[in-house]
Amino acid sequence: MSRAVRLLRFGPSGLLVELPSTAEVAAAYRTLCTARKDGRLTGVTELVPAARTVLVEVAGGGPVPVELIRAMLTDPPAPDAADPDAADQPAELLIPVHYDGADLDLVARTAELSVAEVVKLHSSAEYTVAFCGFAPGFGYLIGLPQTLRQARLDDSRPSVPAGSVAVAGEFSAVYPRSSPGGWRLLGHTDVVMFDPAADPPARLAPGDRVRFEPVR
Amino acid sequence: MPSAEPVPTRAVTVSRTGPLAVVTDLGRSGYAHIGVPRSGALDPAALRLANRLVGNPEGHAGLEVLLGGLELCAEVGVTVAVTGAPVPVRWYGRDGTRRAVDSHRAVHLRAGERLELGVLAAGLRCYLACSGGLDVPAELGSRSTDLLSGLGPAKLADGDRLALGTAGALPSDAGPVPVSVPPALVSVPVLLGPRDDWFADPAGALRGSLWTVGSASNRIGLRLSGAALTRVPERDGVELPSEPMLPGAVQVPPSGQPVVFLADGPTTGGYPVVGVIPEAALGALAQARPGDQVRFTPC
């Protein structure tokens, strides 16, 4: 397995690992998380995946173990490390959704589908949390069916209600709390997506699997 | 049936907050992957010093006060210290007597005595530590107010009562620590990358301009204006997929005017980062006022 990995400096204590695809980012993120858990990557304070990159930040202003990380990400994985999922199964979450969003008709029209078909498509796909950002607990979910990949709204709403289930571009997401937002709203869920007092505080973490289920 | 005696709480009351006062400590680490910013004191060295002066561990929660103007009333005996930007401090006795006291040294308040911060003549933020630290509930390992994410306590309002933790070590009996006046021109190093190759002569462009601090700057980011950075032709109009961000990241939106991410900055962003300012240099930027100037030393 060879990966086209680029390593870019991110300040004195950070390293940005760039990969060609979100899938490879997910694999690299798993590799680095496992290495940290196994004690092979010490002093790391943050491991943060995004769309094409993973940020590694070490404590105390650096330095970053660049060559160690390069070796971990470019060497062919050992046979028993080839399937990191075997050791660390990603969490799976089923999110009940009331498909009553303000943009449901717009999404259906744009996709040239009926509302029922939009609901069926959105709730039958299997999603993976590619990364989090924008707000605590806001997960960018990949796996959205092609016809539901639609542009953001021309104008952002000043306030999107907490629990809103939405789509934009290649992603679907659930707004963990009320915030401004320009994604197209399909519905809402009563699941609390982020609670700082809960363990874990976020219902979604990078690598988790997600399905949506229509509430009747 | 014996009634439970209420546990007496040591506390202080913030009778006046000034323009903006928040509870702060050294922030939350290890949650960026679920979208939680670092937060914490924008000038951490100043908070650490304030804590040391009152005998606290450096990471105890204190107050970050924008521009001064805060008034604190002690309900119990408490040692306090004000650090950060130089600020006139006044002590008020229970009988209304008043006198000027030094910032940057430990001051003891007895119950009923008050401390008033004047208006900052230079710099932007001062810090106030109380012996025992502020005992507000921690969220994700920190008591810091995060103005972007809504974590930690809300920004303070006039009359807020803040519980104190148990005081440990004795306060410092040293005289006032020398105060450095924040300059109107701040020089900071910038380590180029990760996306310096998106810009034409990034080192020259960063070094070649004096950057003026914009009035929309806040705990989330420092907005700068100067001679706009331009992209190399092959990156012109190209959209960058969302990337992780950290405090200190110098992000360049299409306008070419950089934004320096500060403690409450989001954990991801969609514009290229031309360089990163080391953490140790960020405290100086936290004291830069709108209209002040920043000089970058790219390396």
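It should be emphasised that the depicted structure is a prediction, and the values quoted were computed from it without experimental measurement.

Student: Where do I start with the overall build of chain A in this structure?
Tutor: Of regular secondary structure, chain A possesses 5 helices and 13 strands. Relative to its length of 216 residues, chain A is compact, with a C-alpha radius of gyration of 19 Å against a globular reference of 17 Å. Here the C-alpha coordinates of chain A stretch approximately 50 × 35 × 30 Å along the principal axes. Put simply, 61% of the contacts in chain A that link residues at least 6 apart link residues at least 24 apart.

Student: Whenever I open this one, the sheet that holds strand S16 (residues 249-251) of chain B confuses me. Can you help?
Tutor: Within a sheet, neighbouring strands are paired by backbone hydrogen bonds and run either parallel or antiparallel to one another. All names here are of chain B. Taken in spatial order, the 7 strands of this closed barrel run S12-S19-S16-S17-S14-S13-S20, and their pairing is mixed. Strand-to-strand twist of the sheet, defined as the mean angle between neighbouring strand axes without regard to direction, takes the value 40 degrees. Relative to strand S14 (residues 221-225), strand S13 (residues 211-213) runs antiparallel, the two being bridged by 2 bridges. Within the sheet, the bridge partner assigned to Val 213 lies in S14 and is Leu 224. Its contacts with the sheet put helix H3 (residues 279-286) on strand S12 (185-192), S14, strand S17 (259-261) and strand S20 (293-298), and the angle it makes with S12 is roughly 145 degrees.

Student: What is the right way to look at the interface of chain A and chain B in this model?
Tutor: By a widely used convention, the size of an interface equals the accessible area lost when the partners come together. With 33 residues of chain A at the contact, the number on the chain B side is 27 residues. Every element with two or more residues in the side of chain A that touches chain B is listed here: strand S1 (6-9), strand S2 (14-18), strand S3 (44-49), strand S4 (53-58) and strand S6 (127-132) of chain A.

Student: I keep staring at the domain arrangement of chain A and nothing clicks. Help me out?
Tutor: All names here are of chain A. Examined at the domain level, chain A breaks down into domain 1 (6-86) and domain 2 (92-214). Here domain 1 and domain 2 have C-alpha centroids that lie 28 Å from each other. The partner domain 2 presents 7 residues to the 7 residues of domain 1 that form the contact. It is helix H1 (residues 22-37) that provides the largest number of residues to the side of domain 1 that touches domain 2, a total of 4 residues. By residue class, the composition of the side of domain 1 that touches domain 2 is 5 nonpolar, 1 polar and 1 charged.

Student: Got a minute to help me understand the nonpolar core in this structure?
Tutor: Side chains that are nonpolar tend, in soluble globular proteins, to be buried together. In this structure, A:Leu32, A:Val54, A:Val56, B:Ala50, B:Val80 and B:Leu128 are the most contacted members of the largest nonpolar core, which totals 144 residues. Residue contributions to this core peak at 7 residues, all from H1(A). Apart from the residues within four sequence positions on either side, A:Val54 is in contact with A:Val17, A:Val25, A:Ala28, A:Tyr29, A:Leu32, A:Leu47, A:Val48 and A:Pro49.

Student: Whenever I open this one, the domain arrangement of chain B confuses me. Can you help?
Tutor: Residue and element names in this part refer to chain B. With domains assigned, chain B is organised as domain 1 (11-163) and domain 2 (185-298). Here the C-alpha centroids of domain 1 and domain 2 sit 29 Å apart. Listed per partner, the contact involves 20 residues of domain 1 and 15 residues of domain 2. Per-element accounting of the side of domain 1 that touches domain 2 gives the leading share, 3 residues, to helix H1 (residues 44-53).

Student: It is not clear to me how the environment of A:Val165 should be interpreted in this structure. Could you clarify?
Tutor: Residues and elements named next belong to chain A. Positionally, Val 165 belongs in strand S9 (residues 164-168). A count of 25 C-beta atoms within 10 Å places Val 165 in the buried class. On a C-alpha basis, the gap between Val 165 and Arg 177 in space is 11 Å, while along the polypeptide they are 12 residues apart. Here Val 165 is in contact with Val 97, Gly 101, Val 174, Leu 186, Gly 187, His 188, Thr 189 and Phe 212, once residues within four sequence places are set aside.

Student: Looking at this structure, how should I read helix H5 (residues 115-124) of chain A?
Tutor: Residues three or four positions apart in an α-helix share a direction because the helix packs 3.6 residues into each turn. Residue and element names in this part refer to chain A. Taken together, the buried positions of H5 are occupied by Val 118, Val 119 and His 122. Down the axis of H5, the buried side of the element spans an arc of 100 degrees, and every buried residue falls inside it. Away from its buried face, by an angle of more than 90 degrees, H5 presents the exposed residues Ala 116 and Ser 124. Elements in contact with the buried residues of H5: helix H4 (104-111), strand S12 (184-188) and strand S13 (209-214).

Student: Any chance you could explain the pairing of strand S1 (residues 11-16) of chain B here in plain terms?
Tutor: Walk down a regular strand and you will see the side chains alternate between the two sheet faces. Residue and element names in this part refer to chain B. As paired strands, S1 and strand S11 (residues 160-163) are joined by 4 bridges and run antiparallel to one another. Bridged to Val 14 within S11 is Asp 160. Where S1 lies against strand S4 (residues 71-74), 4 bridges are found, and the strand directions are antiparallel. When the sheet's bridge partners are listed, Arg 16 is paired in S4 with Glu 71.

Reading the values: rules and limits
Residue numbers here run from 1 along each chain, matching the order of that chain's written sequence. Note on labels: chains are lettered from A, ligands numbered from 1, in written order. Where local features are concerned, this predicted model is filtered to residues with pLDDT of at least 70; where side-chain atom pairs are given and counted, the filter is 80 or more; whole-chain, interface and lining totals use all residues. In this description a helix means any DSSP run of H or I spanning at least four residues, a strand means any run of E spanning at least two, and both kinds are numbered starting from the N terminus. Only C-alpha atoms enter the radius of gyration, while the globule expectation follows 2.2 Å times N to the 0.38, with N the number of residues. By the convention adopted here, residues make contact when the C-beta atoms placed from their backbones lie within 7 Å. Two strands pair if DSSP finds at least two bridges between them. Inter-axis angles, ranging from 0 to 180 degrees, are taken between N-to-C directions of lines fitted to C-alpha atoms, where helices are fitted over the stretch in contact. Note that the domain bounds reflect an automated or database-derived domain assignment. Under this grouping Gly is polar, as are all residues other than the nonpolar Ala, Val, Leu, Ile, Met, Phe, Trp, Tyr, Cys and Pro and the charged Asp, Glu, Lys and Arg. What we call a nonpolar core is a set of buried Ala, Val, Leu, Ile, Met, Phe, Trp, Tyr and Cys residues whose membership is set by joining through C-beta atoms within 7 Å. Buried means a residue has 20 or more other C-beta atoms within 10 Å of its own C-beta, exposed means 12 or fewer, and partly exposed covers the counts in between; C-beta atoms are placed from the backbone. Read the arc as the range of directions from the helix axis to the C-beta atoms.

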